Amino acid sequence: RAKEIGRDAVQVFTFELAARAHEKLERQEELRRALAQTEFFLQYQPQMDLVTGRIFAVEALIRWRHPERGIVSPGEFIPLAEETGLIGPIGDWTLRTACRQNKAWQLSGLPPIVVSVNVSARQFQERDWVERVAAALEESGLEARYLELELTESLIMEDVQQAVETMHRLEQLGVHLAIDDFGTGYSSLSSLKRFPVGRLKIDRSFVKDLPGDSDDAAIATAVISLGHLLQLRVIAEGVETREQLDFLRAAGCDEIQGYYISRPIDAMALQALLCLPHC
Ligand code: C2E
Ligand code: MG
Ligand code: MG
Ligand code: MG
């Protein structure tokens, strides 16, 4: 009896595994098709300088217009893309599209802004990554100083030596570097000092309960001081309320990004937004 139950359990188990493997294959196929048929698109979220009030940069965020499921957010497909290696070509597409779009905004007469692009570990670790960045700039005609790459602490910490080397090569190209989701990883102070980055992005999880949560208030304040000690600019992500903004401004935070300023929006809408005070 026990044997039978055991056998049944094994059968159920293998069946489920097979079903899951099958579903994953299907998803992977879908991702491939999405890339081939450009079902991906970018939205752009403004970043505001707290001193001047100016929108000086935008973060490019990928979305997938799925023929049946509607708009799919990156949290739902980037992990699979990373797992299957599709993040290479998808990441290239993002980088090139963001560079081209930023150049197009400039050509349309808007005051120049920086476009910030998220980079996955697997992308960053590819041998020719720096050349691909250079190619995206070259092809679009965008000057390197109008591109920023967002790296996470965990990406860097996977192989610090290698990462620092790559970061220096990117720095030589002239692109800016930022550390995304700062505070959620575990980079030590001594390693942070070695990274040629210009900005820290305080993770949304520390902003969410500001100003009420005293732990988060302490963390946010500490990250801002740390960033300034290292002569970095500090931006807070996920700012949704006036109270959060006021707290961050008082704590000396340089810049903010979040729904309070604007949700991520399409290129056209961003152009209209940037145009407002000028055109
Ligand atoms: P992230 O780089 O930390 O991006 C910020 C996320 O916070 C975005 O989610 C943005 O829409 C969301 N957000 C911004 N302001 C607020 C706010 O005030 N409140 C709340 N609740 N959320 C806010 P999204 O677009 O879903 O992206 C999620 C993550 O997916 C990103 O986190 C990034 O890690 C990744 N991602 C997005 N685009 C790309 C891409 O092109 N390549 C790669 N490798 N990863 C990407
Ligand atoms: Mg980011
Ligand atoms: Mg982030
Ligand atoms: Mg994040």
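Thresholds, definitions, all that
Residues numbered from 1 in each chain as written. Chains lettered and ligands numbered in written order. Predicted model: local features only at pLDDT ≥ 70, side-chain atom pairs only at ≥ 80, totals over all residues. Heavy atoms only, no water. Helix = DSSP H or I, 4+ residues; strand = E, 2+ residues; numbered from the N terminus. Buried < 20%, exposed > 50% of the residue type's maximum accessible area, 1.4 Å probe, protein only. Polar contact = N/O pair within 3.5 Å; in protein donor to acceptor, adjacent residues only side chain to side chain. Contact = heavy atoms within 4.5 Å. Donors = N, O, S within 2.8 Å, 3.2 Å for Na, K, Ca; no water. Near = heavy atom within 4 Å. Nonpolar A, V, L, I, M, F, W, Y, C, P; charged D, E, K, R; others polar. Axes fitted to C-alpha atoms, helices over the stretch in contact; angles between N-to-C directions. Left-handed = near helix turned anticlockwise from the far one by under 90°. Pairing = 2+ DSSP bridges. Right-handed = clockwise from strand over helix to strand, strands pointing away. Salt bridge = Lys/Arg side-chain N within 4 Å of Asp/Glu carboxyl O.

(A) Geometry of the side chain of Glu39. With respect to the helices and strands, the residue Glu39 is situated in the loop between helix 1 (2-36) and strand 1 (40-49). Given a relative accessible area of 10%, Glu39 falls into the buried group. Only 2.9 Å separates the side chain of Glu39 from the side chain of Trp64, close enough to count as a polar contact. If sequence neighbours within four positions are ignored, Glu39 has contacts with Arg33, Ala34, Arg63, Trp64, Arg65 and Pro67.

(B) A look at the environment of Leu17. Topologically, Leu17 is positioned in helix 1. Judged by relative accessible area, which is 40%, Leu17 ranks as partly exposed. As for Leu17 and Asp266, which are separated by 249 residues in sequence, their C-alpha atoms are 39 Å apart.

(C) Summary view of the coordination of the magnesium ion (ligand 2). Taken together, the protein donors to the magnesium ion (ligand 2) comprise Glu59 (OE), Asn118 (OD1), Glu150 (OE) and Asp180 (OD), at separations of 2.0 to 2.2 Å. Between the two metal centres, the magnesium ion (ligand 2) and the magnesium ion (ligand 3), the spacing is 3.9 Å, with Asp180 acting as a shared donor. Of this pair, Glu59 sits in strand 2 (residues 55-66) while Asp180 sits in strand 6 (residues 176-182), and the two are 121 residues apart along the sequence. The exposure class assigned to Glu59 is buried, which follows from its relative accessible area of 4%. Judged by relative accessible area, Asp180 falls into the buried class, the value being 7%.

(D) Molecular detail of the site of ligand 1. Residues in contact with ligand 1 amount to 21 residues; listed here are only the nearest, Asn118, Asp180, Arg204, Glu240 and Tyr259. The contact in question runs from a nitrogen atom of ligand 1 to an N or O atom on the backbone of Ile62, over 3.2 Å. Ser120 places a side-chain nitrogen or oxygen 2.9 Å from a nitrogen atom of ligand 1. Of all the elements, strand 2 adds the most residues to the shell around ligand 1, at four residues. Across the shell around ligand 1, the residue classes tally to seven nonpolar, six polar and eight charged.

(E) Representation of the packing of helix 3 (residues 87-107) against helix 5 (residues 129-140) in the model. Between helix 3 and helix 5, the least distance of the axes is 9 Å, while the angle of their chain directions is 35 degrees. The interaxial crossing formed by helix 3 with helix 5 has right-handed handedness. Contact residues: Gly88, Asp92, Leu95, Arg96, Cys99, Arg100 and Lys103 in helix 3; Trp129, Arg132, Val133, Ala136, Leu137, Glu139 and Ser140 in helix 5. Its residues assigned to classes, the contact of helix 3 with helix 5 comprises six nonpolar, two polar and six charged.

(F) Quick look at the pairing of strand 8 (residues 233-236). Pairing between strand 7 (residues 199-202) and strand 8: four bridges, direction parallel. Directly across from Arg199, in strand 8, lies its bridge partner Arg233. For strand 8 and strand 9 (residues 255-257), the ladder comprises two bridges, and the chain directions are parallel. Counted as the bridge partner of Ala236 is Ile256 from strand 9. Chirality of the crossover, the property in question, places the unit of strand 8, helix 10 (residues 242-250) and strand 9 among those that are right-handed.

(G) Examining the pattern of salt bridges more closely. Tallying each qualifying case throughout the model produces 21 salt bridges. Linking Glu16 and Arg20 is a salt bridge whose minimum nitrogen-to-oxygen distance equals 3.9 Å. Here Glu16 and its partner Arg20 are both found in helix 1, four residues apart, which amounts to about one turn of the helix. Arg132 is the partner of Asp92 in a salt bridge, and the nearest nitrogen-oxygen pair spans 2.8 Å. On the criterion of sequence distance, the pair formed by Asp92 in helix 3 and Arg132 in helix 5 is long-range, its members being 40 residues apart. Residue Asp92 is classed as buried on the basis of its relative accessible area of 17%. Look at Arg132 and you get partly exposed, because its relative accessible area is 22%. Residues participating in the shared-partner salt-bridge network are Asp49, Glu148, Arg199, Arg233 and Glu255.

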